[in-house]
Amino acid sequence: MSIRRRSVIAAAGAALTAAPVLAACGNDGDGATAAAEADGATASGTIRLGYFGNVTHAPALVGLEAGVFKETLPEAVHIEETVFNAGPSAIEALFADAIDISYIGPNPAINGWAQSQGQALHIIGGSTSGGAGLVVNESITTVEDLRGKALATPQLGNTQDVAARYWLKEQGFATDENGGGDVAVTPIDNAEVAAAFDAGTVQAAWAVEPRYSDLVIKHGALEFVNERELWEGGQFVTTHIIVSKAFLDEQPALVKAFLEAHLAALDFIAENPEEAQTASNDRIEALTDKRLDDAVIAAAWENLTFTADPIAASLQGSKEHAVEVGLLEEVDLKGIYALEALNQVLADRGDAEVSAGDLA
């Protein structure tokens, strides 16, 4: 199997912007059913795969760097990589028919579903849970101490920004999109938040791994809220896998073959955690010219769960939170999942199936 890598695409626009009220058109079932019934072993062709150079996308990093995808996919299947810095770029690429499948966060997927009225994409599997929360400097010891402080999030309307604004609202704090209100929520690029924290420009951050662990280990931040404490069962979607609806309809065998390779990557991570960390860090270094400290990636790994379960209830929760804080108008997510192929692969392995819950 050959692998071709395309250039990094920078973020463009907010990760979650206000969208009109839309009625999702749902899953017509044809592509999803065909993918479930397809023989992935006979697949051939190219999968244009999107992912981020981030530890929260470890199944993709491991699948590529450790050769798991190459070993699992049929020889006639080729992967063409596109590396993204943020979810909006991946959604734009999918809309432009530049990628077929992508690892991505929940809120960009919600936004893509809303913007396309349920016609552009489906979620076909889970990847990563957890790994986000609120860290603060030593001046903040109580919730009330956050009043009048600046709190960094990665990007206006992204998954962590929505989580932060919703949590702050629950605590009785007002925020706005311009950094006003009781707590100044301040979007700062992940690469720059540590410097802002050290300089005192911000006193808190709702961060995602590995920035979360990096701030604690290297910059003296204190863990204040681990987001897993806020979700039932301690599980919430951080990364899942989307597919363009056209690709699902036209290439069901390739979709199924990719899901088999994805599960193999999850197996590798579970069975070889140290090797998986090294492979992830090797790929991150190759993509960014920066390597994570061993202590940071180890801590991040402990804060993450890699799972095929898309944790559908938390996607619905994320959507409701975005609506509640005024960053999204109401949208029906029913039909966003197409889990038939994944569940067939899981059944073939003797594993438990996963569920779309109320969003089926």
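Refer to the preceding data block for the structure.
What comes next concerns the included structure. (Residues numbered from 1 in each chain as written. Predicted model: local features only at pLDDT ≥ 70, side-chain atom pairs only at ≥ 80, totals over all residues. Heavy atoms only, no water.)

1. Quick look at the packing of aromatic side chains
Consideration 1: Per the counting criterion, the structure on display carries 6 aromatic pairs.
Consideration 2: Ring geometry for Tyr103 versus Phe258: centroids 6.1 Å apart, planes at 70 degrees, classification edge-to-face. With Tyr103 in strand 4 (residues 101–104) and Phe258 in helix 10 (residues 252–271), the pair connects residues that are 155 residues apart, well separated along the chain. The same class applies to Tyr103 and to Phe258, which are both buried.
Consideration 3: Where Trp167 meets Phe224, the ring centres are 6.5 Å apart and the plane angle is 85 degrees; that geometry is what we call edge-to-face. Here the residue Trp167 occupies a position in helix 6 (residues 159–170), and Phe224 occupies one in strand 10 (residues 222–226), the gap between them amounting to 57 residues. (Phe/Tyr/Trp six-rings, centres within 6.5 Å; stacked < 30°, edge-to-face > 60°. Helix = DSSP H or I, 4+ residues; strand = E, 2+ residues; numbered from the N terminus. Buried < 20%, exposed > 50% of the residue type's maximum accessible area, 1.4 Å probe, protein only.)

2. Describing the sheet that holds strand 8 (residues 184–187)
Consideration 1: The 5 strands lie next to each other as 8-7-9-6-10, forming an open sheet whose pairing is mixed. Each edge of the sheet is formed by a strand with only one pairing partner; in this case those strands are strand 8 and strand 10. Sheet twist, expressed as the mean angle between neighbouring strand axes with direction ignored, is 25 degrees.
Consideration 2: The pairing of strand 7 (residues 150–153) with strand 8 spans 4 bridges and is classified as parallel. (Pairing = 2+ DSSP bridges. Axes fitted to C-alpha atoms, helices over the stretch in contact; angles between N-to-C directions.)

3. Overview of the nonpolar core
Consideration 1: Of all hydrophobic cores here, the largest spans 83 residues; its most connected members are Phe69, Ile336 and Tyr337.
Consideration 2: In terms of residues, this core owes the most to one element, helix 10, which gives 12 residues.
Consideration 3: If we skip the residues at most four places from it in the chain, Ile336 touches Ala109, Trp113, Leu121, His122, Ile123, Leu315 and Leu359.
Consideration 4: Grouped together as the second largest cluster of nonpolar side chains are 15 residues, Leu146, Ala164, Phe173 and Ala204 included. (Core = buried A, V, L, I, M, F, W, Y, C linked by side-chain atoms within 4.5 Å. Contact = heavy atoms within 4.5 Å.)

4. Looking at the pattern of salt bridges
Pairing between side chains of opposite charge can happen when their charged atoms approach one another.
Consideration 1: This model, assessed by the stated rule, comprises 17 salt bridges.
Consideration 2: Through salt bridges with shared partners, a single network forms among Arg211, Asp214, Lys218 and Asp293. (Salt bridge = Lys/Arg side-chain N within 4 Å of Asp/Glu carboxyl O.)

5. A word on the side chain of Gln203
Consideration 1: Residue placement: Gln203 occurs in the loop between helix 7 (190–199) and strand 9 (204–208).
Consideration 2: For Gln203, a relative accessible area of 16% puts it in the buried group.
Consideration 3: Within the structure, the side chain of Gln203 is placed 2.8 Å from the backbone nitrogen of Ala150, a separation counted as a polar contact.
Consideration 4: Within the structure, the side chain of Gln203 is placed 2.7 Å from the backbone oxygen of Gly200, a separation counted as a polar contact.
Consideration 5: Beyond its immediate stretch of four places on either side in the chain, Gln203 contacts Val136, Asn137, Ile140, Lys149, Ala150 and Phe197. (Polar contact = N/O pair within 3.5 Å; in protein donor to acceptor, adjacent residues only side chain to side chain.)

6. Brief notes about the packing of helix 1 (residues 30–37) against helix 14 (residues 340–349)
Consideration 1: Look at helix 1 against helix 14: their axes get within 7 Å of each other, and the N-to-C directions meet at 20 degrees. The orientation of helix 1 relative to helix 14 falls into the category roughly parallel. Two packed elements cross with a definite hand, and for helix 1 against helix 14 that hand is right-handed. Packed against helix 1, whose contacting residues are Ala32, Ala35 and Ala36, the element helix 14 presents Glu340, Ala341 and Gln344 at the interface.
Consideration 2: Split into classes, the residues belonging to the contact of helix 1 with helix 14 amount to 4 nonpolar, 1 polar and 1 charged. (Parallel < 35°, antiparallel > 145°, perpendicular 65-115°, else oblique. Left-handed = near helix turned anticlockwise from the far one by under 90°. Nonpolar A, V, L, I, M, F, W, Y, C, P; charged D, E, K, R; others polar.)

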